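Descriptive structure summary
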Amino acid sequence: MTSQPRWFTLLATALLGLGSALPNKAAAQTQLYELQGFRELALTHTTIAILPFKGAAFVSPLQSMMQDDADIRREADLRGLEMQATLESWFLKRSERGKFIVQVQPTTETNAILNNNGVTLDNLTERTPQEVAKLLGVDAIVTGTVQARQPSMLAAAAVSWMTQGSSNVNSYAILDLEVYDTEYGELQCNYRKRILRSPWVGESRLLHVLARKTSRRIAYKGKL
């Protein structure tokens, strides 16, 4: 790697000194669990629904201290809805290419049915996944959480990225996705993806990367 000027190295050292005591947890990771027989069961499904995701506000610890709880909660809900819509978009893209074997219930329809029946993210756990899937009239539901971590000082993160590489940036985004079938009401698939987050990548771009990778991994891609 090309050496940096001395003044640049000194600046990086000063900025990164504030966070040097923190452990590095930014390594990209992928974990996939599938219940035995899920791939065969997936071939019998015709329609799935994507629920709004349980989101987390993509803010740094410093930003969270400067915002009230209502603003943070509002942003978290918006991220969850954006993740839902982004995943729908990627599923549809793969379907158009003949690489996705089920239909996706429009998220506007899904959300309308949930709202009309008083189902929200706050009370979703009061119903079983099977009950929610039957309510929506689909063969399976996709649900989960999405969150991201970023350092309090973006300048420090940027300097670290340029001087030490992505492996030393303690900043990442995580998607934890679950698929439940309607017939048995069981957890058929759990896909957990953590990706490194560059200081220059916006939140929406992060969600697109997570959704794209997810659309390639779960059984509905049609390959046994």
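Residues numbered from 1 in each chain as written. Predicted model: local features only at pLDDT ≥ 70, side-chain atom pairs only at ≥ 80, totals over all residues. Heavy atoms only, no water.

**Things to note about the pairing of strand β7 (residues 187–196)**
Rule in force here: Throughout this description, buried means an accessible area under 20% of the type-specific maximum (1.4 Å probe, protein chains only), exposed means over 50%, and partly exposed covers the range between. A helix here means a DSSP run of H or I that spans at least four residues, while a strand means a run of E at least two residues long, and both kinds are numbered starting from the N terminus. Criterion used throughout: strands pair if DSSP finds at least two bridges between them.
The buried fraction of β7 amounts to seven of the ten residues, a majority that puts the element mostly inside the structure. For strand β1 (residues 29–34) and β7, the ladder comprises six bridges, and the chain directions are antiparallel. Bridge pairing in β7 places Thr 30 opposite Lys 193. In this antiparallel pair of consecutive strands, strand β6 (residues 172–181) and β7, the connection spans five residues, and Gly 185 shows a positive phi of 70°.

**Describing the confidence of the model for the chain**
The condition is simple: Within a predicted model, pLDDT stands for the predictor's per-residue confidence, ranging from 0 to 100. Whether two residues are in contact is decided by their heavy atoms, any of which lying within 4.5 Å being enough.
Across the chain, pLDDT averages 78, with 67% of residues at or above 70. Under a pLDDT of 50 for its full length, residues 6–26 has, in the predicted model, 29 contacts with residues more than four places off or in other chains. Segment residues 155–159: pLDDT under 50, and eleven contacts once partners within four positions in sequence are set aside and those in other chains are kept.

**Quick look at helix α8 (residues 203–215)**
Short version of the rule: Take the number of residues in a helix, subtract one, and multiply by 1.5 Å to get its expected span.
Taking 1.5 Å as the rise per residue, α8 with 13 residues should run 18 Å; its terminal C-alpha atoms sit 19 Å apart, in good agreement. For α8, the set of buried residues is Leu 206, Leu 207, Val 209, Leu 210, Ala 211, Thr 214 and Ser 215.

**Things to note about the nonpolar core**
Our working definition: Here, nonpolar core refers to any group of buried Ala, Val, Leu, Ile, Met, Phe, Trp, Tyr and Cys residues whose side-chain atoms link them within 4.5 Å.
Judged by nonpolar contacts, the single largest core of 31 residues is most densely connected at Ile 48, Phe 53, Leu 87, Leu 177 and Tyr 220. Breaking this core down by element, the ones donating at least two residues are α2 (38–42), β2 (47–50), α4 (69–96), β5 (140–149), β6, β7 and α8. Of the residues forming this core, the biggest block, five residues, is contributed by α8. Discounting chain neighbours no more than four positions away, the residues touching Leu 87 are Ile 50, Phe 53, Val 142, Leu 177, Ala 211 and Thr 214. Core analysis: the next-biggest nonpolar cluster, separate from the first, contains twelve residues, Ala 49, Val 119, Leu 124 and Val 132 among them.

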